[in-house]
Amino acid sequence: MEKLNENIKLEICAGSLEDCILAEKAGADRLELNTGLSLGGLTPSPGLFSTVMESVRIPVIVMIRPRSGGFSYSSYEFRTMMKNVEYYRDNGAAGIATGFLNTDGTLDYYKCLAIRDACMDIDVVFHRAFDFIVNPFEALEQLIELGFTRILTSGAQGTAVEGMAKIKELIDRADGRIEILPGSGINSDNVEKLIADTGCKQVHASLGSRSSDISINHIDTDIPLKNFLPDDEFKKTDYEKCSEMRRMLDKTFGMV
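Nothing here was measured: the structure is a model prediction, and the numbers come from that model.

For the structure on display, the rule yields 11 salt bridges. Arg-128 is paired through a salt bridge with Asp-131; the nearest N and O atoms lie 2.9 Å apart. We classify Asp-131 as buried; its relative accessible area is 11%. Between Glu-169 and Arg-173 there is a salt bridge, and its shortest N-O distance comes to 3.0 Å. One end of the pair is Glu-169 and the other is Arg-173, both in helix α6 (residues 164-174) and four residues apart, which spans about a single turn.

As structure tokens, this is what we get:
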């Protein structure tokens, strides 16, 4: 393949201080900092963020996502997200990555507007919630109007390579008004074709390998540490179940 005369930015999705340090040493241009990568990425702790900021010089984009299981958030969740935005904005983040959908799969314009205003002068990225929007080209225009910096997308497919046609169309329609950042399944074997076929100027990748912690392998047990739910489900406190437990405890063990 003919060498492309382009300066392509590499953003690495990182979930730990070690990830960030190694990614910078390896030549990453930017980091997206998360926790819970096995859940699609969740908001990192202030402790992780502060140690990363002390340790790397490249820009850090912070994931603002309170839970897995979709992107339609309650008022309680949104309050937390706004506080997180303010914290990371005021403590040196180069930007935040987030995304909001209505329950019908459309862009939640007003939550996006509030987040954009809260970000002030830092970057704001609409993450892969974009790949679940029912009308992505309408949402593209809305995000441009809102002033978002870029969109992270796999082209509504499992991987960016599978979604190359949609990614190219998004780039063409954006016409420089918003950045389009391909992500998902990108590696050294397919990145040249992705860039050549889409015309993208940056890529987002995890580039991880499996590691293990054998500390739990020394007894014979079937205790599950991970309780994964279907992609569109998440756990929340059930008021009735809590009340029933309180009533049972008071009835059985309470003072007479």
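Residue placement: Gln-202 occurs in strand β8 (residues 202-205). At a separation of 2.6 Å, a polar atom in the side chain of Gln-202 contacts the side chain of Arg-30. Once residues within four sequence positions are removed from consideration, Gln-202 is found in contact with Ile-8, Lys-9, Arg-30, Arg-150, Glu-179, Ile-180, Leu-181 and Pro-182.

In this section: the packing of helix α5 (residues 136-146) against α6. At their nearest, the axes of α5 and α6 sit 11 Å apart, and the two run at 40° to each other. In terms of axis orientation, α5 runs oblique to α6. As for how α5 packs across α6, the hand of that crossing is right-handed. Each of Pro-136, Phe-137 and Leu-140 in α5 lies in contact with α6, whose residues at this interface are Lys-166, Glu-169, Leu-170, Arg-173 and Ala-174.

A few words on the sheet that holds strand β2 (residues 30-33). Taken in spatial order, the eight strands of this open sheet run β7-β6-β5-β4-β3-β2-β1-β8, and their pairing is parallel. Edge strands, defined here as strands with exactly one partner in the open sheet, are β7 (179-182) and β8. Within this sheet the neighbouring strands show an average axis-to-axis angle of 25°, counted without direction. Where β2 and strand β3 (residues 60-63) come together, three bridges link them in parallel fashion. Its bridge partner being in β3, Leu-31 is matched across the sheet by Val-60.

Before going further, it helps to examine the pairing of β7. Two elements, strand β6 (residues 150-153) and β7, share four bridges in a ladder whose sense is parallel. Considered in β7, the bridge of Arg-150 is made with Glu-179. This β-α-β element, β6 to α6 to β7, shows right-handed connectivity.

To continue, consider the packing of aromatic side chains. By the definition in use, this model includes nine aromatic pairs. Ring geometry for Tyr-109 against Tyr-110: centres 5.5 Å apart, planes inclined by 75°, an arrangement best described as edge-to-face. Owing to a relative accessible area of 64%, Tyr-110 belongs among the exposed residues under this scheme. An aromatic cluster is present here, built from Phe-49, Tyr-87 and Tyr-88 joined pairwise through their rings. Above the ring of Phe-78, the side-chain terminus of Lys-111 is found at 5.6 Å from the ring centroid. Above the ring of Phe-137, the side-chain terminus of Arg-173 is found at 3.9 Å from the ring centroid.

Looking now at the pairing of strand β4 (residues 95-98). Looking along a regular strand, one sees the side chains alternate between the two faces of the sheet. Burial of β4 is two-sided: the residues Gly-95 and Ala-97 facing one way and the residues Ile-96 and Thr-98 facing the other way are all buried. Sheet topology places β3 next to β4; three bridges connect them, and they run parallel. The residue of β4 that forms the bridge with Val-62 is Ile-96. Taking the sense of rotation as the criterion, the β-α-β connection linking β3, helix α3 (residues 75-90) and β4 turns out right-handed. Here four bridges tie β4 to strand β5 (residues 123-126), and the two strands are oriented parallel to one another. Its bridge partner being in β5, Ala-97 is matched across the sheet by Val-125. Remark: the β4/helix α4 (residues 109-119)/β5 crossover connection has right-handed handedness.

Calculation criteria
Residues numbered from 1 in each chain as written. Predicted model: local features only at pLDDT ≥ 70, side-chain atom pairs only at ≥ 80, totals over all residues. Heavy atoms only, no water. Salt bridge = Lys/Arg side-chain N within 4 Å of Asp/Glu carboxyl O. Buried < 20%, exposed > 50% of the residue type's maximum accessible area, 1.4 Å probe, protein only. Helix = DSSP H or I, 4+ residues; strand = E, 2+ residues; numbered from the N terminus. Polar contact = N/O pair within 3.5 Å; in protein donor to acceptor, adjacent residues only side chain to side chain. Contact = heavy atoms within 4.5 Å. Axes fitted to C-alpha atoms, helices over the stretch in contact; angles between N-to-C directions. Parallel < 35°, antiparallel > 145°, perpendicular 65-115°, else oblique. Left-handed = near helix turned anticlockwise from the far one by under 90°. Pairing = 2+ DSSP bridges. Right-handed = clockwise from strand over helix to strand, strands pointing away. Phe/Tyr/Trp six-rings, centres within 6.5 Å; stacked < 30°, edge-to-face > 60°. Lys NZ or Arg CZ within 6 Å of the ring centre and 35° of its normal.

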